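Listed here are the chains, written in short residue letters.
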Amino acid sequence: MKPASFSYLLPKTVPEAVKMIAEHSGDARFIAGGQSLVPMMNFRLARPSVLIDLNRIPDLSYIKDRGDYIAVGAMTRERMIENSDIVRDMCPLVHDATLNIAHLPIRSRGTIGGSISNADPAAEYPATMLALDAFMVAKSERGEREIGAADFFDGVLSTSLEADEILTEVRIPKAPANSGSAFIEISRRQGDYALAGIAAQVTLDDDENIIGIQLAACGVGPGPVRLNQVEDGVRGTTLTAEILSNAKEAATAAVDPEGDVHATAAYRRKLTGVMTERALRKAVLRAVGKK
Amino acid sequence: MVTVNGEQISGSAEPRTLLTDFLRDELRLTGTHVGCEHGVCGACTVIIDGFATRSCLMFAVQADGSEIQTIEGLASAEGEMHPLQKLFAKHRALQCGFCTPGMLMTAIDLVQSSKKLSEEDIRIGMSAALCRCTGYEGIVNAVSEYAEQLQDEEASNVG
Ligand SMILES: Cc1cc2nc3c(=O)[nH]c(=O)nc-3n(C[C@H](O)[C@H](O)[C@H](O)COP(=O)(O)OP(=O)(O)OC[C@H]3O[C@@H](n4cnc5c(N)ncnc54)[C@H](O)[C@@H]3O)c2cc1C
Ligand code: FES
Ligand code: FES
């Protein structure tokens, strides 16, 4: 199918984009990479009357080292993130997550800002940002605010962005020393959305005790799910077979997924446990390997 | 204004015209195929400013100023096939040919943007496009040999 008609606006700066969305608030949509929005428009599940194209705002595409965190501009393409040394060295979980997103031609165009604003429950970036306690920066004519990931994602395809706000930047805390991470998922075909996936980062002390753990799941809830209880069971331990098996069980119990045409609820729940086990094991191995 | 296969072209399109439809209907470059129109099948893949991209998920107006390569631009002006096209023939990497333009554009970006590719990498990379006929073996073999060719070339350029 083909999209319905719309009028097309092409801002060159963030202030221009902010002004446009304020003027047309309600029936206007931003378009970033278009890799989620255009399919919806082609099926006429979305019919915005005004489309504000962010692709010609050079100021929104960057990856910067800012000391404690790296700052990624909303229009930074998934492919640029995948190829970034800064991201691979300082936020390796984000690198790992990116490789699990869709296929190369989709990542050529898809953006971090689009993925996070879209907040698909099965998407990799929302779960990764939740695990890493990232911050989202939103702008409107009313000003700028910083929103923590835990307050940002609030339900299926829903965020705390207001209708007149644009997401401009994602601030991702750098991985601590002696940490390791892994993003592990299962999908029907490489590149498809995850049936269940786990973002994990662990930090070890000199005796290989786990002193920090950050764990979130995708594909198994209305949005990304932080696995607090599982974290509590692992923090302060070394990853013995018993701890690992308890973590697997706790993760299985922590989520309440819905079944759909791709997988039943029970299967997704089971996968959450299995992915947790695999991600934890790999994250710890990577942390040990770095020492 | 866009550059398509090296030629500068100007045209006009309604904002909602997909790049695929502009290429096919306006420019009559019908080698770019339309399958699913939601990014899943890969039949519409073209190379834009060096990156393989779904032309069904872009509006033609968004390509203004870009350089687009389509399947029609692969063979030389004299009609000599591109090395990857020859390898697709050699390895019987196509049957009906519907997926082939998208497969070729995907593979060219995949191989040219990676330093070294294992067979596993090629299978993962080529999972970006669907084929209903071949069972993929021929495609993977053709792309593998193309990757080796480029590596040999690079090695002999260095040496
Ligand atoms: C075949 C296929 C497979 C895919 N598989 C995966 C997958 O496995 N995992 C995954 O995570 N994704 C997957 N995707 C989606 C892909 O990663 C998208 O690129 C991404 O979800 C959306 O990013 P985008 O830049 O394309 O955003 P768009 O599609 O342009 O926008 C998405 C939404 O976000 C809004 N928006 C965009 N930018 C901003 C902003 N700066 N401020 C406020 N609102 C904004 C838009 O208005 C729109 O509502 C897949 C897509 C396809 C077509
Ligand atoms: S037609 Fe574009 S991906 Fe299928
Ligand atoms: S050759 Fe027929 S779809 Fe691939």
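Reading the values: the criteria
Residues numbered from 1 in each chain as written. Chains lettered and ligands numbered in written order. Predicted model: local features only at pLDDT ≥ 70, side-chain atom pairs only at ≥ 80, totals over all residues. Heavy atoms only, no water. Helix = DSSP H or I, 4+ residues; strand = E, 2+ residues; numbered from the N terminus. Buried < 20%, exposed > 50% of the residue type's maximum accessible area, 1.4 Å probe, protein only. Contact = heavy atoms within 4.5 Å. Buried area = accessible area lost by both parts, 1.4 Å probe. Salt bridge = Lys/Arg side-chain N within 4 Å of Asp/Glu carboxyl O. Nonpolar A, V, L, I, M, F, W, Y, C, P; charged D, E, K, R; others polar. Pairing = 2+ DSSP bridges. Axes fitted to C-alpha atoms, helices over the stretch in contact; angles between N-to-C directions. Near = heavy atom within 4 Å. Polar contact = N/O pair within 3.5 Å; in protein donor to acceptor, adjacent residues only side chain to side chain. Areas by Shrake-Rupley, 256 points an atom, 1.4 Å probe, with all protein chains shown as cover. Domains from an automatic or database assignment. 1 Å grid on protein atoms, 1.4 Å probe; cavity = no way out; pocket = protein on both sides within 12 Å on 5 of 7 lines; lining within 4 Å. Points joined across faces, edges and corners; volume = space filled by probe spheres on them.

1. Here's the deal with the environment of F6 of chain A
Residues and elements named next belong to chain A. Looking at the secondary structure, you find F6 in the segment before β1 (7-9). A relative accessible area of 7% means that F6 is categorised as buried. Here the alpha-carbon distance between F6 and I186, two residues 180 residues apart in the chain, equals 38 Å.

2. Here's the deal with the interface of chain B and chain A
Facing the 30 residues of chain B at the interface are 30 residues of chain A. For the pair chain B and chain A, the summed buried area comes to about 2,400 Å², and 56% of that belongs to carbon and sulfur atoms. The largest share of the area that chain B buries against chain A comes from R16, L57 and Q62 of chain B, three residues that together contribute 26% of it. Taken together, chain B and chain A are joined by 3 salt bridges. Among the ionic pairs, R79 of chain A bridges to D109 of chain B, the shortest N-O distance being 2.7 Å. At the level of secondary structure, the elements contributing two or more residues to the side of chain B that touches chain A comprise β4 (51-54) and α3 (100-112) of chain B. Looking at which element gives the most residues to the side of chain B that touches chain A, the answer is β4 of chain B, with 4 residues. Taken together, the residues of the side of chain B that touches chain A sort by class into 15 nonpolar, 8 polar and 7 charged.

3. A word on the sheet that holds strand β5 (residues 69-73) of chain A
Residue and element names in this part refer to chain A. The strand order across the open sheet built from 5 strands is β4-β5-β8-β6-β7, with neighbouring strands paired in antiparallel fashion. On the outer flanks of this sheet lie β4 (63-65) and β7 (143-148), each paired with one strand and no other. On average, adjacent strands in this sheet sit at an angle of 20° to one another, irrespective of strand direction. Helix α1 (residues 14-24) contacts β6 (135-140) and β8 (166-173) of the sheet and is inclined by roughly 125° relative to β8.

4. Looking at the site of ligand 1
Around ligand 1 sit 34 residues, and of these F30, G34, L37, T111 and E124 of chain A come closest. Close to ligand 1, residues of chains A and B are found. Note that an oxygen atom of ligand 1 is positioned 3.0 Å from one of the side-chain N or O atoms of R29 of chain A. Between L167 of chain A and ligand 1, the recorded distance is 2.9 Å, taken from a backbone N or O atom to a nitrogen atom. Computed on the free molecule, ligand 1 has an accessible area of 970 Å², of which 94% lies beneath the protein chains in the complex. Elements with a minimum of two residues in the shell around ligand 1: β2 (28-31), α7 (112-118) and β8 of chain A.

5. A look at the domain arrangement of chain A
Residue and element names in this part refer to chain A. In terms of domains, chain A is made up of domain 1 (7-53), domain 2 (58-173) and domain 3 (179-290). Taken together, the contact between domain 2 and domain 3 spans 23 residues of the former and 26 residues of the latter. Carbon and sulfur atoms supply 56% of the area buried between domain 2 and domain 3, which totals about 2,000 Å² over both sides. On the domain 2 side of the interface with domain 3, the three residues burying the most area are L93, N100 and P121, jointly 24% of the side's total. Seen at the junction of domain 2 and domain 3, the total is 2 salt bridges. The salt bridge involving R286 is made with D96; its shortest N-O contact spans 3.0 Å. Remark: the boundary between domain 2 and domain 3 carries 9 residue pairs in polar contact (both at pLDDT 80 or more). Sorting the residues of the side of domain 2 that touches domain 3 by element identifies α5 (92-99) and α8 (124-131) as the ones contributing at least two each. The element contributing the most residues to the side of domain 2 that touches domain 3 is α8, with 6 residues. Taken together, the residues of the side of domain 2 that touches domain 3 break down into 15 nonpolar, 4 polar and 4 charged.

6. Some points on the layout of surface pockets
Considered as a void within the structure, the second largest pocket measures approximately 670 Å³ in volume. Along the wall of the second largest pocket there are 23 residues; nearest its centre are E82, L99, L104 and R107 of chain A together with S114 of chain B. Going through the elements one at a time, α3 (78-82), α5 and α6 (104-107) of chain A together with α4 (119-126) of chain B are the ones with two or more residues in the lining of the second largest pocket. If one sorts the elements of the lining of the second largest pocket by residue count, α4 of chain B sits on top with 3 residues. Here the lining of the second largest pocket is composed, by residue class, of 8 nonpolar, 8 polar and 7 charged.

7. Topic: the side chain of Q85 of chain B
Here Q85 of chain B is to be found in helix α2 (residues 83-90). Residue Q85 of chain B is classed as buried on the basis of its relative accessible area, which comes to 16%.

8. Topic: the sheet that holds strand β1 (residues 2-4) of chain B
Residues and elements named next belong to chain B. Taken in spatial order, the 5 strands make up an open sheet running β2-β1-β5-β3-β4, and their pairing is mixed. Here the strands that pair on one side only, and so sit at the sheet edges, are β2 (7-9) and β4. Here the average twist between neighbouring strands, direction ignored, is 35°. For β1 and strand β5 (residues 67-69), the ladder comprises 2 bridges, and the chain directions are parallel. Paired with V4 across the two strands is I68, which belongs to β5. This element, α3, spans β3 (45-48), β4 and β5 of the sheet and lies at about 35° to β3.

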